[in-house]
Amino acid sequence: MPIHQNGTSFIPGTHRVNALLSFVDWACTPIGSPENWPSELKNALSLILNTHQPMAIWWGKELIHFYNDAYRDLLPASQRDTAFGSPGRTVYSEAWDLIQPQIDFVSSGQGSTWHENQKFTTLESDSTTVERWWTYGYSPIYAGTCVGGILVVCTETTKEQLARIESDKLTHSLAQEVARRTLVETQLRAERVRLDAVLDTLPAGLAIVGYPEGTILYQNPKASELLGMNRLPTNAVQDIEKNYTAIHPDGRPYEADEYPSVMAFQTGRHIGPVDMLYQRGDERIVLSVRSSPVYDPQGRLDQVVTIFDEVTHTREVEKDKLLYRAIASHIPHGAVFLVDSDLRYVLADGPALRNTGLDSMDFEGRHVSEVVGPSDRPILIADYEAMLRGEPVYREHATSGRHFATYGTCIPRPNGPHFALAVSYDITDRLQREARLQLLDTIARATNNAATETEVLFQAAHMLGSFLDAAFCGFAVVRGPRPTYHAWVRHSQQVLTGSLRSAWVESVLAEWGHSAQPVLLRNEELPFEGLLGPGLPRRFSQLILPILIEGSVVACLIIGRQDGTVWSVDDVSLASQVGDGAWAKADRLRLIGQLRQMDLKKDRFLATLAHEIRNPLGAIATGTNLLSLLPSTRDAAVQRAVERIKRQLDLLRRLVDDLTDISRIKHGKIHLQIERFDLREAIEQAVDMQRPLLSKRDHSLEVVLGTEPCYVHADKDRMVQVVGNLLNNAAKYTPQFGAITVEIERHESAVAIHVKDNGIGIEPEAIRSIFEIFVQDDYHAPAMHRDGLGIGLALVKHLAQLQGGEVAVTSAGHGKGSCFTVRLPLVHVG
Ligand code: ADP
């Protein structure tokens, strides 16, 4: 039973709030003791307290709070009891700003308000804040004509609101999920389109066969194209041999279980890639095939994917590459380049390539323009383009200090575009050999024209030194009292001559005491006394080559370079050839010089002898003439002796005359009486003079001079002498009863005098030198014929030449006679 001690017994009932109503000391509150409460309040209180709908009353100016049980249950636990009878502002301090205007509206008599799902944040007893939603209305309770309080009718809608929020959230995330899925689907669709496009344009054939039926689930257009079919047969695996025509290299068709796709079906494994020969219509192609099984998520074989591509061209290129690589490896000092129609290197190989520090990888796959510098690019490209057009190409060029000769041509290919084939040979060594040979030739020619031995040595040293890029190059004479050198010096481009350091000479001679081998010195002092030039180093790398005469070292060739350089075997060999050759030539010139001196002395001696003999001869001749006139010499024996003396005197005089003539000719002191005369007269005189000798040896003589005069410009006496000498020889060198002919042969501008005999003849070897002075055909002209010195023909030659003519001889050899011919220019009269 409620105890209403405070005058609130006017409200009957057993509501929980009745206790609160009873216990509040209402007298101390602004609304005073319940006895004084207006009836409107009391009526309102009894109304709300007996209602299950949460309801409350705010009464008076302070808005003292009353509420029923249902309302109390909605309040936070901490406020459930304390809020009853408290002023509204203190109860709802957190939300006051929101609700005050609403209360003011109602209090001011403007009417009631209705608020749906208004959110409040309430402080719970455990000091946490909780969000709650309320739907409530404020209605005025009139006390008389004024608004005495406000009736609050409310419902907590927190659950509904939370459910709504949750639902909103769900709806939102659902919408997001839907949007995401839509996007994914769009992407998948696009992906599928792309995949189809990729598969359709895949450069390889693709077929997917379902397991275990063996029917084609998918095929791309390339698959049909490669196999030469409009569509692949649907039953791909059944009767595969009937559907497809793969063959072995020997022409045997594939068995069903040899096909990669069938093998993948049977084994469940990846097969390939394998090369298959395939008969496509009339042509036989090579396919590279691989088949792969595809398993479903449960691990069961589901499909077999087969990818294949035509590699006929690739395999041919690979075969070609093997062939050309093999060729390349067998070309000594060579390299082979194969370039395709896009000017890309398909192959580059060979020993010459490696010699330049490059290998195949520097070329293969690259465009020709990538492997050379910009300056060589246009030439290289033009060359390869010409080769691809089928034009043969030859070029010499240099790379990395080596020289190459390249021959290029086109390699036609039946199944693809042409290739350009270039074969290069390293010709560096050949060029060097040629350069060395050319140098030897140039030195030989230059030194052939040299007049003195020193000139020969200088020329050779200069040319060799320049060629070998030496600082100096020269010859040192190491034997003899004063060792000297003749050297060419690069710095001054001059030749130096001077003394050699004696210590150096001793050391090289000591070295060559053991064996005369080339000496190589590094950074050694100069062998020369003095310097090569101001500011030049004294030390050089030196190559010293001994020059031997009859086994002993007489001189050496010295070549010096700045230190650090090395001498190659070729350098040494070239230097020794030049050294030996030049020294031999210089030696020959030295000997020739000596011989000339001796020849000169001999000529002088003979001239003096002839001169000295001429006077006594004159005296002897006069004496002999007198003797023959004396009566006491009428005795026949004395007369014969005198005649013999006269003949010998004639002979002697002729010899002396010939010697004197030769000496005069040599010294240019002979004087000719040139006149125009009929050559026949001179020949007749000569014949008359030689007649005694001819008849003495019982030779027949035929003289054919023609009827026409034959004019020449010459010295008549000398021509008598020339023809006389030839006739004299013909008589001498023809055995008894020989036949001799003298004949004139006229030509347009010359006349030839032939003196012909059928005598002992002349050997071919003797013919070349027969006109030289003191030469006699020792073998064939027996000593008994010798009454001369071998001067006559030399005189004939010189005299013919002095008169603008020439002399020649022909003979078929020993015992076959001779024919001497003198030619003179003919003078036309009138
Ligand atoms: P020589 O008669 O005094 O020996 P020549 O100069 O006249 O000198 O001749 C040189 C050499 O040529 C002769 O010794 C001889 O061997 C050869 N000769 C010259 N004329 C004839 C000839 N008609 N037939 C064969 N040999 C000849």
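Look up a bit, the structure's there.
Reading the values: rules and limits
Residues numbered from 1 in each chain as written. Predicted model: local features only at pLDDT ≥ 70, side-chain atom pairs only at ≥ 80, totals over all residues. Heavy atoms only, no water. Patch = residues over 30% accessible without salt bridge, like charges linked within 9 Å, V, L, I, M, F, W, Y side chains within 5 Å. Areas by Shrake-Rupley, 256 points an atom, 1.4 Å probe, with all protein chains shown as cover. Salt bridge = Lys/Arg side-chain N within 4 Å of Asp/Glu carboxyl O. Lys, Arg positive; Asp, Glu negative; His and termini not counted. Charge placed at Lys NZ, Arg CZ, Asp CG, Glu CD. Helix = DSSP H or I, 4+ residues; strand = E, 2+ residues; numbered from the N terminus. Pairing = 2+ DSSP bridges. Axes fitted to C-alpha atoms, helices over the stretch in contact; angles between N-to-C directions. Contact = heavy atoms within 4.5 Å. Parallel < 35°, antiparallel > 145°, perpendicular 65-115°, else oblique. Left-handed = near helix turned anticlockwise from the far one by under 90°. Nonpolar A, V, L, I, M, F, W, Y, C, P; charged D, E, K, R; others polar. Expected span 1.5 Å × (residues − 1). Buried < 20%, exposed > 50% of the residue type's maximum accessible area, 1.4 Å probe, protein only. Arc of directions from axis to C-beta. Core = buried A, V, L, I, M, F, W, Y, C linked by side-chain atoms within 4.5 Å. Polar contact = N/O pair within 3.5 Å; in protein donor to acceptor, adjacent residues only side chain to side chain. Phe/Tyr/Trp six-rings, centres within 6.5 Å; stacked < 30°, edge-to-face > 60°. Lys NZ or Arg CZ within 6 Å of the ring centre and 35° of its normal.

Novice: Tell me about a negative patch on the surface, and name the residues and values.
Specialist: Taken together, the side chains of Asp239, Glu241, Glu255 and Asp257 make up a negatively charged region of the molecular surface. Along the chain, Glu241 falls in helix H8 (residues 240–243).

Novice: Go over the sheet that holds strand E16 (residues 419–426), please, and point to the residues and values.
Specialist: Read across the sheet, five strands follow the order E13-E12-E16-E15-E14 without closing on themselves; strand pairing throughout is antiparallel. Sheet topology places strand E13 (345–349) and strand E14 (393–399) at the edges, where each strand pairs with a single neighbour. Across the sheet, the axes of successive neighbouring strands diverge by a mean angle of 20°, strand direction being ignored. Across four bridges, the pairing between strand E12 (residues 334–339) and E13 is antiparallel. Among the inter-strand pairings, Leu338 is bridged to a residue of E13, identified as Leu347. Along the sheet, helix H10 (residues 312–329) makes contact with E12, E13, strand E15 (402–411) and E16, crossing E13 at roughly 25°.

Novice: Tell me about the packing of helix H13 (residues 428–448) against helix H16 (residues 569–629), residues and numbers included.
Specialist: The relative placement of two packed helices comes down to the angle between their axes together with the axis-to-axis distance. Following both chains from N to C, one finds H13 and H16 inclined at 15°, their axes separated by 11 Å at the closest point. Between H13 and H16, the angle is such that the two are roughly parallel. Relative to H16, H13 is oriented so that their crossing is right-handed. Between H13, through Arg436, Leu439, Leu440, Ile443, Ala444, Thr447 and Asn448, and H16, the contact on the second element is made entirely by Asp570, Asp571, Leu574, Gln577, Val578 and Lys585. A breakdown of the residues in the contact of H13 with H16 according to their chemical character gives six nonpolar, three polar and four charged.

Novice: Let's hear about H13: which residues, and what values?
Specialist: Along its 21 residues, H13 runs 30 Å from first to last C-alpha, staying within 8% of the 30 Å computed at 1.5 Å per residue. All of the buried residues in H13 are Thr428, Arg436, Leu439, Ile443, Ala446 and Thr447. In a view along the axis of H13, the buried residues occupy a sector of 95°, so they form one face of it. In H13, the exposed positions angled more than 90 degrees off the buried face are occupied by Arg433, Leu437, Gln438 and Asn448.

Novice: Which residues make up the sheet that holds strand E26 (residues 739–746), and what values do they have?
Specialist: Paired through backbone hydrogen bonds, the strands of a sheet run either parallel or antiparallel to each other. In space, the five strands of this open sheet follow the order E24-E26-E27-E29-E28, with mixed pairing throughout. Either end of the sheet is taken by a strand with one partner, and the two such strands are strand E24 (700–704) and strand E28 (806–810). Going across the sheet, the axis of each strand differs from the next one's by a mean of 15°, ignoring polarity. Across seven bridges, E26 lies against strand E27 (residues 750–757) in antiparallel orientation. Paired with Thr741 across the two strands is Lys756, which belongs to E27.

Novice: How would you summarise unusual backbone geometry if you had to cite specific residues and measurements?
Specialist: Glycine aside, negative phi is the norm for most residues, and most peptide bonds take the trans geometry. Cis geometry is adopted by the peptide bond preceding Pro212, which originates at Tyr211 and carries an omega value of 5°. You can see Pro212 is positioned in the loop between strand E6 (205–210) and strand E7 (216–219). Omega for the bond connecting Gly272 with Pro273 falls within 30 degrees of zero, at 5°, which places this linkage in the cis form. Locating Pro273 in the fold gives a position in strand E9 (residues 271–280). Located in the positive-phi region is Leu63, a residue other than glycine, with phi close to 60°.

Novice: A description of a nonpolar patch on the surface should follow, citing residues and the corresponding values.
Specialist: A cluster of nonpolar side chains, namely Tyr394, Tyr407 and Tyr425, defines an oily patch on the protein surface of about 300 Å² accessible area. By secondary structure assignment, the location of Tyr394 is in strand E14. A relative accessible area of 40% places Tyr394 in the partly exposed class.

Novice: Quick one: what's the story with the nonpolar core, residue by residue and with numbers?
Specialist: Within the largest apolar cluster, 52 residues are counted, with the highest numbers of intra-cluster contacts made by Leu679, Ile683, Met719, Val751, Ile753 and Val822. When residues in this core are grouped by element, the largest group, eight residues, is from helix H19 (residues 716–732). Each residue touching Ile753, except ones within four places of it in the same chain, is listed here: Leu679, Ile683, Met719, Val723, Val742, Glu743, Phe820, Thr821 and Val822. In terms of nonpolar packing, the next biggest core, distinct from the first, is built from 43 residues, Tyr67, Tyr71, Phe120 and Val152 among them.

Novice: Which residues make up the side chain of Asn725, and what values go with them?
Specialist: With respect to the secondary-structure elements, Asn725 resides in helix H19. Owing to a relative accessible area of 14%, Asn725 belongs among the buried residues under this scheme. Beyond its immediate stretch of four places on either side in the chain, Asn725 contacts Gly792, Leu795 and Val796.

Novice: Any details on the side chain of His699? Residues and values, ideally.
Specialist: Counting through the fold element by element, His699 comes out in the loop between helix H18 (679–696) and E24. With a relative accessible area of 9%, His699 lands in the buried category. Among the polar contacts listed, one links the side chain of His699 to the backbone oxygen of Ala731, at a separation of 3.0 Å. A distance of 2.9 Å separates a polar side-chain atom of His699 from the backbone nitrogen of Gly738. Filtering out sequence-adjacent residues up to four positions away, His699 remains in contact with Leu694, Ala731, Thr734, Pro735, Gln736, Phe737, Gly738 and Ile740.

Novice: Before we move on, could you go through a positive patch on the surface and cite the residues and values that matter?
Specialist: Taken together, the side chains of Arg640, Arg644, Arg647 and Lys696 define a basic patch exposed on the protein surface. Sorting elements by how many residues they give to the positive patch places helix H17 (residues 636–666) first, with three residues. Tracing the backbone through its elements, the reader meets Arg647 in helix H17.

Novice: Lay out the pairing of E6 with the relevant residues and their values.
Specialist: Along any regular strand, the residues point their side chains to alternate faces of the sheet. With six of six residues buried, E6 is to be regarded as a mostly interior element. Side chains Gly205, Ala207 and Val209 of E6 all project onto a buried face; the interleaved residues Leu206, Ile208 and Gly210 project onto the opposite face, where all are buried too. Two elements, E6 and E7, share three bridges in a ladder whose sense is antiparallel. Bridging from a neighbouring strand, Ala207 pairs with Gln219 of E7. Where E6 folds back on E7, the antiparallel hairpin that results is connected by five residues, among which Gly214 adopts a positive phi of roughly 75°.

Novice: Tell me about the packing of aromatic side chains, residues and numbers included.
Specialist: One pass over the full model with this rule turns up 25 aromatic pairs. Seen in terms of ring centroids, Phe66 and Phe84 are 5.8 Å apart; in terms of plane orientation they differ by 90°. Their pairing is edge-to-face. Taken together, the residues span a long stretch of sequence, with Phe66 in strand E2 (residues 64–67) and Phe84 in the loop between helix H3 (69–74) and helix H4 (88–91) at a distance of 18 residues. Both residues of the pair, Phe66 and Phe84, count as buried. The rings of Trp26, Trp37, Phe66, Tyr67, Tyr71 and Phe84 are connected pair by pair, giving a single aromatic cluster. Of note, Arg413 hangs over the ring of Phe419, and the distance from its end group to the ring centre comes to 4.4 Å. The ring of Trp567 has Arg561 lying over it, and the distance from NZ or CZ to the ring centre is 4.2 Å.

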